[in-house]
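# Residue-level structural notes
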Amino acid sequence: APQHHATGKALRAAAIEEEPEAPKYPTVNGWTADESKFMAGLPGALPPMGNFDPAGFTEGKSVAELKMLREAEVTHGRVSMLASLGFLVQESFHPLFRLGDKDIGPAIRHLDEVRAEVPIFFEILVLGIGFAEISRSLAGWTAPAGSNPADGPLANLPDDTPFRRLED
């Protein structure tokens, strides 16, 4: 059935009036931040633990701070999983050793053998990890607006705290 011109206008006007309010935060990968929920609604609360934050680290944090904490949590979890895998794999295979059939014992003693075979290995490792961490942090985080470097890391403490500012 043909629709009347006046009825079509009325429907369009009603649709415009009932249009929902745009979200405060953009939707990313199907997730929209909701400050009223635990961790702003970030996925990850699984049974049986649910909303697990016994020390209250997330209380009073902004959505940006919660996302930074989640990024750090995921990054450190991935590093620990790789370290666990590496600890198990080196029991039977290690590319730095030229030992043939020599048994060097449990994996915990392998670090001594690495130092014996390649003395500068740990210095190279520390420089590589340091470079990766600095590059990642410079690309991912910026100083808060209005921050003063003289405030130092204790700037959020009360004003009467000794050594709160670097000049004290």
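Let me sum up the structure you'll find in this document. (Residues numbered from 1 in each chain as written. Predicted model: local features only at pLDDT ≥ 70, side-chain atom pairs only at ≥ 80, totals over all residues. Heavy atoms only, no water.)

## Notes on the pattern of salt bridges
Applying the stated criterion across every chain yields a total of three salt bridges. Note that Lys-24 and Glu-35 form a salt bridge whose closest N and O atoms lie 3.5 Å from each other. Of this pair, Lys-24 sits in the loop between helix H1 (5-17) and helix H2 (63-89) while Glu-35 sits in the loop between H1 and H2; the two residues are 11 residues apart in sequence, bridging distant segments of the chain. (Salt bridge = Lys/Arg side-chain N within 4 Å of Asp/Glu carboxyl O. Helix = DSSP H or I, 4+ residues; strand = E, 2+ residues; numbered from the N terminus.)

## Here we look at the environment of Asn-51
Examined against the element boundaries, Asn-51 turns out to sit in the loop between H1 and H2. Residue class for Asn-51 comes out exposed when judged on its relative accessible area of 52%. Spatially, the C-alpha atom of Asn-51 lies 6.7 Å from that of Phe-38, the residues being 13 residues apart in sequence. Contacts of Asn-51, omitting those with residues within four sequence positions, involve Phe-38 and Ala-45. (Buried < 20%, exposed > 50% of the residue type's maximum accessible area, 1.4 Å probe, protein only. Contact = heavy atoms within 4.5 Å.)

## Thoughts on the side chain of Thr-58
Structurally, Thr-58 can be placed in the loop between H1 and H2. Residues contacting Thr-58, with those up to four places away along its chain left out, are Phe-38, Met-39, Asp-53 and Leu-66.

## As for the nonpolar core
A general tendency of soluble globular proteins is for nonpolar side chains to be buried together. Ranked by size, the top nonpolar core spans seven residues in total: Trp-31, Ala-33, Met-39, Ala-40, Leu-42, Val-63 and Leu-66. In contact with Val-63, other than residues within four places in its own chain, are Tyr-25, Trp-31, Ala-33, Glu-35 and Ala-40. (Core = buried A, V, L, I, M, F, W, Y, C linked by side-chain atoms within 4.5 Å.)

## A short note on helix H3 (residues 110-117)
Within the sequence span of H3, burial applies to His-110, Glu-113 and Val-114. Seen from one end, H3 has its buried residues packed into an arc of 105°, which puts them on one side. (Arc of directions from axis to C-beta.)

## Side note on H2
An α-helix turns once per 3.6 residues; consequently, residues spaced three or four apart project the same way. Over its 27 residues, H2 extends 39 Å from the first C-alpha to the last, a length consistent with the 39 Å expected when each residue adds 1.5 Å. Restricting attention to buried positions, one finds in H2 the residues Val-63, Leu-66 and Arg-70. (Expected span 1.5 Å × (residues − 1).)

## As for unusual backbone geometry
Put simply, Pro-47 and Pro-48 share a cis peptide bond, and its omega is 5°. Backbone geometry at Met-39 places phi at a positive 55°, although glycine is not the residue there. With respect to the helices and strands, the residue Met-39 is situated in the loop between H1 and H2. You will see that Ala-40, though not glycine, has its phi angle at about 55°, which is positive.

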